Amino acid sequence: TALACIFQCLFCQRAQQSRGSSGASPELSEECPAEMVKMTKSKTFQAYLPNCHRTYSCVHCRAHLANHDELISKSFQGSQGRAYLFNSVVNVGCGPAEERVLLTGLHAVADIYCENCKTTLGWKYEHAFESSQKYKEGKFIIELAHMIKDNGWE
């Protein structure tokens, strides 16, 4: 529809064109292509997520952390309360992996921190020792105490 075309971001349009979609009935992109992350050295943050997508940012410095489309689950518990599981994140550094016994069993995890303000945000699952927990490997936990919602949540 015409309305969908108006609200569709330039990056989603490019991704759609590269996948060979016709211009007759544009659809909103379900995935955020890698080109949506703008890499820059002249700005404070390493990566900016597009303004037309709902994002999560660091509560301490407002650096972008994740796109809402990368959210897997809201039902996790961190050391400081509720936490979200994400498929991918930006502007995040990773410490060394260590084995920890968490609520769901033994995991090898690495603390993650905001690249801009260096605040510890949560952790990355490097390895799950139980087969039922393997889906977490390579995924990221960010505690709600360290992030805020940005862009398009109204």
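Relevant structure appears above.
My aim in this report is to walk through the structure given alongside it, one point at a time. The shown structure was predicted, so the numbers you read here are calculated from the model rather than taken from an experiment. (Residues numbered from 1 in each chain as written. Predicted model: local features only at pLDDT ≥ 70, side-chain atom pairs only at ≥ 80, totals over all residues. Heavy atoms only, no water.)

Here we take up the side chain of Glu 70. Take Glu 70: it is sitting in the loop between strand 4 (64-67) and strand 5 (71-78). Buried Glu 70, no salt bridge; nearest opposite-charge side chain is Lys 139, N-O distance 8.6 Å. Not counting residues up to four positions away in its chain, the partners in contact with Glu 70 are Leu 85, Phe 86, Asn 87 and Ser 88. (Helix = DSSP H or I, 4+ residues; strand = E, 2+ residues; numbered from the N terminus. Buried < 20%, exposed > 50% of the residue type's maximum accessible area, 1.4 Å probe, protein only. Lys, Arg positive; Asp, Glu negative; His and termini not counted. Salt bridge = Lys/Arg side-chain N within 4 Å of Asp/Glu carboxyl O. Contact = heavy atoms within 4.5 Å.)

Paired through backbone hydrogen bonds, the strands of a sheet run either parallel or antiparallel to each other. Across the sheet, 3 strands lie side by side as 4-3-11; this open sheet has antiparallel pairing. Strands with a single pairing partner mark the edges of an open sheet, and in this sheet they are strand 4 and strand 11 (147-150). Shown here is a sheet whose adjacent strand axes are inclined to one another by a mean of 30°, direction ignored. Here strand 3 (residues 55-58) pairs with strand 11 via 4 bridges, running antiparallel. Note that in strand 11 the partner of Thr 55 across the bridge is Asp 150. (Pairing = 2+ DSSP bridges. Axes fitted to C-alpha atoms, helices over the stretch in contact; angles between N-to-C directions.)

On to the sheet that holds strand 8 (residues 105-114), then. Read across the open sheet, the 6 strands follow the order 5-6-10-9-8-7; overall the sheet is antiparallel. The open sheet has two edge strands with one neighbour each: strand 5 and strand 7 (92-102). Sheet twist, expressed as the average angle between the axes of neighbouring strands with direction ignored, equals 30°. As paired elements, strand 9 (residues 120-128) and strand 10 (residues 140-143) share 3 bridges and run antiparallel to each other. The partner of Gly 122 across the bridge, within strand 10, is Ile 142.

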